[in-house]
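# A closer look at the structure
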Amino acid sequence: MPALDRSTIWPYRDGEPGEFYYQRYAHPTGVEAERALGELDGGHALLFPSGAGATTSLVLALLSPGDTIALAEGAYYGTGIAFAQLERWGLRHLEFDQTGAPPAGVQLVWLEAPSNPFLTMPDLDAAAAHPAQVVVDATAATPIHLRPLERGADFVLHSATKYLAGHHDALLGAVVCKRAEDAERLKEFRTRAGIVAAPDPCWLLLRGLKTLEVRVRRQTESAQVLVQRLEAHPKVERVRYPGFGGLLSFDVAGADQARAVETSLRVITNATSLGGVDSVLEARARWEGDRVPPGLLRLSVGLEPVEELWDDLSQALKRV
Ligand code: PLP
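Keep in mind the model is a prediction, meaning the values are calculated, not measured.

Quick look at the environment of Arg207 now. In this fold, Arg207 is placed in helix 7 (residues 199-210). According to the relative accessible area criterion, Arg207 is partly exposed, its value standing at 39%. Setting aside residues up to four positions removed in sequence, Arg207 forms contacts with Met1 and Asp169.

As structure tokens, this is what we get:
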């Protein structure tokens, strides 16, 4: 592993700044982590202090007052809330069904693959045929299952807090740009706005990336088993799963039943977020209100043995 360098300054050489001189512009751990992620996604990666920070930076760098974003319906609820915050600066957004073509007359198309927590997949071909630039938030797919830049997207966004770092111990975001000139423009905005990732989470990302493929493949295998069993369970009304990845959601009858599952778990942690080595589950209505069914439980499958996870889910579902 490269050494973790927390310096904010580096000495000039012969009176001239070298590659690194002030941390807000660039630092060695960040550059190394960006190189590794850029390779995985096939583009030019830039890191941000969180996924939400990456989202905000990307739209502020790309768009102007009066522009409209077409946002995938049912995407991470925080993305729509962040866009709503920017309405005061003249940025508009509307929602559309990402399984079909994006609406005309928008300046940016924002997809999520798969959407969190509805797990729909976007029609990437229809989006690529749209004249606007296309962003794919591929946080839940990861580059192991999807490389959107090869499917016509202009930008990939990740909450690297999730699968990429993968251990619930680093808050980080990333944008991977298809074109070097877009990356330059976004990097200039990032440097000037100061929305930069610190060395420590970048180092944890580098370490996380080393095991990304084995983690995600194992999480996918376990999720596929759990989905089959949940689908056959009498207390489960609906299961949502795109066929790959470690994220799924399922519905029990209502809020009380969801609470009974949440509070009966022994192996799976009742907590928010996703993509870590430990399985987590929560009722999403506590955050998203009536945007989601009251009995919707989101499960992020970790690395525990699948039979332990199933035993835990089945004993919790008995309390429903
Ligand atoms: N995108 C998706 C799909 C997410 O699930 C999240 C967080 O849950 C984000 C973006 C925001 O990322 P962060 O929490 O790292 O700011």
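Attention shifts here to the packing of aromatic side chains. Scanning the entire structure with this criterion turns up 5 aromatic pairs. Seen in terms of ring centroids, Trp10 and Phe20 are 5.7 Å apart; in terms of plane orientation they differ by 50°. Their pairing is tilted. Taken as a pair, Trp10 in the segment before helix 1 (28-41) and Phe20 in the segment before helix 1 lie far apart in primary sequence, 10 residues in all. As far as burial versus exposure is concerned, Trp10 and Phe20 are alike and both buried. Relative to Tyr25, the ring of Tyr22 has its centre 6.5 Å away and its plane inclined at 65°; by these criteria the two rings are edge-to-face. Taking the relative accessible area as the measure of exposure, Tyr22 reaches 37% and is therefore partly exposed. Joined through ring pairs, the aromatic side chains of Tyr21, Tyr22 and Tyr25 make up one cluster. Sitting above the plane of the Phe48 ring, Arg190 keeps its charged end 5.8 Å from the centroid.

Our focus in this paragraph is the site of the ligand. Around the ligand, the structure places 13 residues, and the nearest of them are Gly51, Ala52, Asp137, Ser159 and Thr161. Within the contact set of the ligand, an oxygen atom lies 2.8 Å away from a backbone nitrogen or oxygen of Ala52. At 2.7 Å from an oxygen atom of the ligand is found a side-chain nitrogen or oxygen belonging to Thr161. For the ligand, whose accessible area on its own is 390 Å², the fraction buried by protein is 91%. Residues belonging to the shell around the ligand are distributed by class as follows: 4 nonpolar, 6 polar and 3 charged.

Now for the sheet that holds strand 5 (residues 133-137). In spatial order, the strands read 1-7-6-5-4-2-3; together these 7 strands make up an open sheet with mixed pairing. Both outer strands of the open sheet, strand 1 (44-48) and strand 3 (92-96), are each paired with one neighbouring strand and no more. Strand-to-strand twist in this sheet, taken as the mean axis angle between neighbours without regard to direction, amounts to 20°. Bridging between strand 2 (residues 68-72) and strand 4 (residues 108-112) involves 3 bridges; their strand directions are parallel. Its bridge partner lying in strand 4, Ile69 is registered against Leu108. On the sheet, helix 2 (residues 51-62) packs against strand 1, strand 2, strand 4, strand 5, strand 6 (155-159) and strand 7 (173-177) and is oriented at approximately 150° with respect to strand 6. The sheet strands contacting helix 3 (residues 77-85) are strand 2, strand 3 and strand 4, and the helix crosses strand 2 at an angle near 165°.

So, about unusual backbone geometry. Cis rather than trans, the peptide bond between Ala113 and Pro114 has omega equal to -20°. Within the element layout of this structure, Pro114 appears in the loop between strand 4 and helix 4 (124-128). Residue Asn116 is joined to Pro117 through a cis peptide bond whose omega torsion reads 15°. Locating Pro117 in the fold gives a position in the loop between strand 4 and helix 4.

This brings us to helix 1. Its 14 residues give helix 1 an end-to-end C-alpha distance of 20 Å, which sits within 8% of 20 Å, the value for a rise of 1.5 Å per residue. By the burial criterion, the buried members of helix 1 are Thr29, Gly30, Ala33, Glu34, Ala36, Leu37, Gly38 and Asp41. In this structure, the buried residues of helix 1 make contact with strand 1, helix 5 (142-145), strand 6, strand 7, helix 6 (180-193) and helix 7. Backbone geometry just after helix 1 places Gly42 at a positive phi near 70°.

The rules behind the values
- Residues numbered from 1 in each chain as written.
- Predicted model: local features only at pLDDT ≥ 70, side-chain atom pairs only at ≥ 80, totals over all residues.
- Heavy atoms only, no water.
- Helix = DSSP H or I, 4+ residues; strand = E, 2+ residues; numbered from the N terminus.
- Buried < 20%, exposed > 50% of the residue type's maximum accessible area, 1.4 Å probe, protein only.
- Contact = heavy atoms within 4.5 Å.
- Phe/Tyr/Trp six-rings, centres within 6.5 Å; stacked < 30°, edge-to-face > 60°.
- Lys NZ or Arg CZ within 6 Å of the ring centre and 35° of its normal.
- Near = heavy atom within 4 Å.
- Polar contact = N/O pair within 3.5 Å; in protein donor to acceptor, adjacent residues only side chain to side chain.
- Areas by Shrake-Rupley, 256 points an atom, 1.4 Å probe, with all protein chains shown as cover.
- Nonpolar A, V, L, I, M, F, W, Y, C, P; charged D, E, K, R; others polar.
- Pairing = 2+ DSSP bridges.
- Axes fitted to C-alpha atoms, helices over the stretch in contact; angles between N-to-C directions.
- Expected span 1.5 Å × (residues − 1).

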